[in-house]
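Close look at the chain arrangement
Take a look at the letters that make up each chain.
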Amino acid sequence: ILLAANVGAEYLAPYLGRMTDAGKDGLEECQRMHDIVRGLNSETRILVASIRDAESLSQLAEHELDTFTFSPDIVNQLLDEPLTEKAAADFDAAAQRGVSVQ
């Protein structure tokens, strides 16, 4: 991390899932990398890969990590919200009837 940040590497790419599989706290490791890079005033970005669920993505974002690569399955998890789907269905049904939705 120190070397990459000091030589001006554009990205570091930790593999969250693999770190967790190896018995480390992958989220904490990514946060520590982010803190080190920020502490060095480096422009190196942490590109987190091997994200296995939407909750991990949310936790990373909470810690100001904002560069990711993730699978379509994660996108589906992010978009699958029953309340939103019900609201959209109610809106569509009301629009078909020409009624205002509240």
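Presented here is an overview of the structure given in this document. Only a predicted model underlies this, so the values are computations on that prediction, with no experimental measurement involved.

**A closer look at helix H4 (residues 54-62)**
- Listed as buried for H4 are Ala 54, Ser 56, Leu 57 and Leu 60. When H4 is viewed along its axis, its buried side chains cluster within an angular range of 160 degrees and face the same direction.
- At its buried positions, H4 is contacted by helix H2 (16-21), helix H3 (26-39), strand S2 (45-48), strand S3 (67-68) and helix H5 (72-79).
- For H4, the side-chain oxygen to backbone nitrogen distance between the N-cap and Glu 55 is 3.3 Å, and the N-cap itself is Asp 53.
- Once H4 finishes, Glu 64 follows within two positions and takes phi at roughly 70 degrees, a positive value.

**As for the packing of aromatic side chains**
- Counting across every chain of the model gives one aromatic pair.
- Here Phe 68 and Phe 70 contribute two aromatic rings whose centre-to-centre distance is 6.5 Å and whose plane-to-plane angle is 55 degrees, an arrangement assigned as tilted.

**Section: the sheet that holds strand S1 (residues 11-12)**
- Spatially, three strands are ordered S1-S2-S3 in an open sheet, and the strand pairing comes out parallel. Edge positions in the sheet fall to S1 and S3, since each has one partner strand and no second.
- Relative to S3, S2 runs parallel, the two being bridged by two bridges. Each residue of the ladder has a partner; that of Val 48, found in S3, is Phe 68.

**Concerning the side chain of His 34**
- By the element assignment, His 34 lies in helix H3.
- Since its relative accessible area comes to 15%, His 34 is described here as buried.
- Look past the residues within four positions of His 34 in its chain and what remains in contact with it is Ile 46, His 63, Glu 64 and Leu 65.

**Some thoughts on the pattern of salt bridges**
- The full count for this structure, using the stated rule, is six salt bridges.
- We note a salt bridge from Asp 21 to Arg 52, for which the minimum N-O separation is 2.8 Å. With Asp 21 in helix H2 and Arg 52 in the loop between S2 and H4, this pair connects stretches of sequence that are 31 residues apart.
- With relative accessibility at 54%, the residue Asp 21 sits in the exposed group.
- Salt bridges sharing common partners tie together Asp 35, Arg 38 and Glu 64.

Conventions we followed
Chains are numbered independently. Their residues run from 1 in the order of the written sequence. Owing to the predicted nature of the model, reporting of local features is limited to residues with pLDDT of at least 70; listing and counting of side-chain atom pairs is limited to 80 or more, with chain, interface and lining totals taken over all residues. Water and hydrogen atoms play no part in the side-chain values, which are based on all heavy atoms of the structure. Burial status follows relative accessibility: with a 1.4 Å probe on protein chains alone, a residue under 20% of its type maximum counts as buried, one over 50% as exposed, and anything between as partly exposed. Elements are defined by DSSP. Helices are runs of H or I of four residues or more, strands are runs of E of two residues or more, and each kind is numbered from the N terminus. Here the arc refers to the set of directions running from the helix axis out to each C-beta atom. By the convention used here, residues are in contact when the closest approach between their heavy atoms is within 4.5 Å. Counting of polar contacts relies on pairs of N or O atoms within 3.5 Å, with two restrictions inside protein: one atom must be capable of donating a hydrogen and the other of accepting it, and residues adjacent in sequence are counted only when both atoms are side-chain atoms. Aromatic pairs are defined between Phe, Tyr and Trp rings, using the six-membered ring for Trp, whenever the two ring centres lie within 6.5 Å; interplanar angles under 30 degrees are classed as stacked, those over 60 as edge-to-face, and all others as tilted. Following DSSP output, two strands are said to pair if at least two bridges run between them. Whenever Lys or Arg places a side-chain nitrogen within 4 Å of a carboxyl oxygen from Asp or Glu, that contact is recorded as a salt bridge.

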